[in-house]
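# Fold and contact review
Single-letter residue listing:
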Amino acid sequence: MSESERLSVFKTYKLYVGGKFPRSESGRVYEVTDQKDRWLANAPQASRKDARDAVSAARKAFGGWSGATAYNRGQVLYRVAEMLEGRRGQFTAEVAASEGISKSRAAAVVDATVDRWVWYAGWTDKIGQVTGGANPVAGPFFNLSTPEPTGVVTVLAPQDSSFLGLVSVVAPVIATGNTAVVVASERSPLPALSLGEVLATSDLPGGVVNVLSGRTAELAAPLASHQDVNGIDLYGADETLAKELEIAAADNLKRVVRPHPVDFSADPGTGRLTAFLETKTVWHPTGGLGASGSGY
Amino acid sequence: MAFEYAPAPESRSVVDIAPSYGLFIDGEFTDAADGKVFKTVSPATEEVLSEVARAGAEDVDRAVKAARGAFAKWSALPGAERAKYLFRIARIIQERSRELAVLETLDNGKPIRETRDADLPLVAAHFFYYAGWADKLDHAGYGANPRPLGVAGQVIPWNFPLLMLAWKIAPALATGNTVVLKPAETTPLSALFFADICRQAGLPRGVVNILPGYGDTGAALVEHEDVDKIAFTGSTAVGKAIARQIAGTGKKATLELGGKGANIVFDDAPVDQAVEGIVTGIFFNQGQVCCAGSRLLVQESVQDELLDSLKRRLSTLRVGDPLDKNTDLGAINSAEQLARIRTLADAGEAEGAERWSPECELPASGYWFAPTLFTNVTQAHTVARDEIFGPVLSVLTFRTPEEAVAKANNTQYGLSAGIWTEKGSRILAVANRLRAGVVWANTFNKFDPTSPFGGYKESGYGREGGRHGLEAYLDV
């Protein structure tokens, strides 16, 4: 039987939460189509409850992931890039269909995405030196500032750039030790859901990244007001929704990245790495070694 | 026998307070558009010190226009020139530091020992530090030629009036922004004296504008559409209101808010040093400090020894005339703040915590609160959860480092924490796990212009001080 006659095996796309692949607890799915409205798949339409479950999973994973050595985080993230590389064909097909671009352009987008992931993998053990350091205080004290991850971060992925944009907003959040709840592009969620499958096979602990597909507004509202979420990147929200979410986020003073257009093909800089970092400054007396004796 | 202390008051004659002050807009003192004024009193005596113009929305608009008008020229100045203005300001503050210390003590109620030895030296140091940054911004790690934001609206609290002004104005001017600053309604005077320092320094008109007023003035400033940057230090409730208010705008904000800092004492800590650190942690500035160590977490095995020693030490604290050089605790800043402290302390008692204060005679007039300890406190008690912002310490216990960390982090806040132990690896392990922006190990309440300061969680966001403090005022 020739290849063209073979009936292909469809994939059931699922959410990625806590390292597992649940369907939405609501049982809902919605139809995902390509740019010409041809059916691609039924994606899970996640609910508020799924969002809350994702936050719990992200919180549970935070201690281990933020406590891992930066070197280890870099190794794990690099492993993700290796797994992405092996799936280039699949992602190219998904990106081409989702974004309505040619196979060759989609392949270039996928290559850029894998390279972007490698770039962030290399940042894990460098950002601390770039943003932290010793402070020369006017007194006998050791004084050191160190960046630490903010905690659980909600990421509203870009609506248009379903893969390069997605990775450009997710990778920096976890590279610095945060854990993430990602709301995929509403219209083009398939690359994000497939990314979940890559993450699951890349030594990334379950819960570090959780991927939800569905209606952005429906999922973003409970995440923006969730008291156990520490930060939110509003990239994928339109102006009206972003304002509502920013107001809700003020309730527990989430760190907010407002939506503003980004050229994802350009050098990303460190802005998205530092957006969800806190600076901790530790003091200790240095004392003296002379006859004066005591260190403090 | 115990020796009595003779009074040792600092002379008031070094400061000349005018009977009234205007708003400082575009380089001139002016009345409020609606003619409103308010009185500022000495919290130690309730004596009226001066009558001050109260800025309304119209005045805010005038001041923002003045700041906007000054921005183009100020931001275009070579950094080296801006630096020299700031160096001038730093020097004039040093020259006038005794006058400003006495003024601050009169208007705020804090002891002269603190204004003289802590506030004023830090104020001058802050201007000196950021002066040096003005022509080195290309090397600050934010890329080449980082740009200022524009007009900064700054709202500061009453607990360290001039120091908070310095924390706000010094980095803003160094980076090329112009400012409109609102001092707190109970402590407007040192900011108005600072306006005079700007005059002496020859600072161009409109670069610094000072608008005394109440919360409504601050809200109008935050809301003004031509303000590019909000810097606020104050309560978490107001901080959240500001975050809501500026949602959907392009305004950048730094918020430095409340705290409920844990001061953790392990069983191997040297008791005497720990006791001094606990006292500094909660009784510095009458406990009216956002990063105060207001929750003492003491390892159970040394609780009795430590508390005995702490109580003995508290009995030697001298509460009274803030101008007296021997005074340890001065007055509470306002009647309103005193009422809040009383309400929360009463709640502590009503909920079953055990209250203790040393015997001390409080002055008959003014706003006073004796240093107070609560023991038998659980994590559910109001006095263990709410920020009291007064000389009130809640004592909790723990058995293991794990438990200490869990209890320390069990709060909506995340500004400061303290660790007392002789074991270096334990300091680092615990410091690592604490969700707080500043961790003092075997010390407490130390500040320096080079050291970034600011909170995690609901203690706010952004950092003030150090290289980090520049970011808040740059378009990066």
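Residues numbered from 1 in each chain as written. Chains lettered and ligands numbered in written order. Predicted model: local features only at pLDDT ≥ 70, side-chain atom pairs only at ≥ 80, totals over all residues.

Now for the overall build of chain B. Each helix and strand in chain B was counted, giving 15 helices and 18 strands. The C-alpha radius of gyration computed for chain B amounts to 22 Å, which stays within 12% of the reference 23 Å derived for 476 residues, consistent with globular compactness. Seen through its C-alpha atoms, chain B measures out along the principal axes to roughly 65 × 50 × 35 Å. When each of the 476 residues of chain B is scored for burial, the buried share is 58%. Sequence-distant contacts, at least 24 apart, represent 73% of the contacts inside chain B between residues at least 6 apart. (Helix = DSSP H or I, 4+ residues; strand = E, 2+ residues; numbered from the N terminus. Rg over C-alpha atoms; globule rule 2.2 N^0.38 Å. Buried ≥ 20, exposed ≤ 12 C-beta atoms within 10 Å, placed from the backbone. Contact = placed C-beta atoms within 7 Å.)

All names here are of chain B. Most of strand E7 (residues 178-182) sits inside the fold, with 5 of its 5 residues counted as buried. What you see with E7 is no split at all: Thr178, Val180 and Lys182 on one side and Val179 and Leu181 on the other are buried throughout. The pairing of strand E6 (residues 151-155) with E7 spans 5 bridges and is classified as parallel. When the bridges of E7 are listed, Val151 appears paired with Thr178. Crossover handedness for the path E6 to helix H5 (residues 161-174) to E7: right-handed. Bridge analysis of E7 against strand E8 (residues 208-210) gives 3 bridges, and the strand direction is parallel. (Pairing = 2+ DSSP bridges. Right-handed = clockwise from strand over helix to strand, strands pointing away.)

Now for helix H4 (residues 103-121) of chain A. Helical geometry note: an α-helix holds 3.6 residues per turn, so side chains three or four residues apart project in the same direction. Residues and elements named next belong to chain A. With 19 residues, H4 should cover 27 Å at 1.5 Å per step; its first-to-last C-alpha distance of 27 Å lies within 8% of that length. Every buried residue belonging to H4 is among Ala106, Val109, Val110, Thr113, Val114, Arg116, Trp117, Tyr120 and Ala121, and all of these are buried. Each buried residue of H4 lies within a common arc of 155° when the element is viewed along its axis, so the set occupies one face. Its buried side turned inward, H4 meets helix H2 (70-86), helix H3 (88-99) and helix H6 (164-175). (Expected span 1.5 Å × (residues − 1). Arc of directions from axis to C-beta.)

Below, the discussion takes up the domain arrangement of chain B. All names here are of chain B. Entries for chain B in the domain assignment read domain 1 (12-257 + 456-471) and domain 2 (262-441). Distance from the C-alpha centre of domain 1 to the C-alpha centre of domain 2: 30 Å. Contacts between domain 1 and domain 2 engage 22 residues on the former and 26 residues on the latter. Mapped onto the side of domain 1 that touches domain 2, the elements with two or more residues apiece are helix H3 (97-108) and helix H4 (112-133). Per element, the largest residue contribution to the side of domain 1 that touches domain 2 is 3 residues, and it comes from H4. Looking at the side of domain 1 that touches domain 2, its residues break down into 7 nonpolar, 7 polar and 8 charged. (Domains from an automatic or database assignment. Nonpolar A, V, L, I, M, F, W, Y, C, P; charged D, E, K, R; others polar.)

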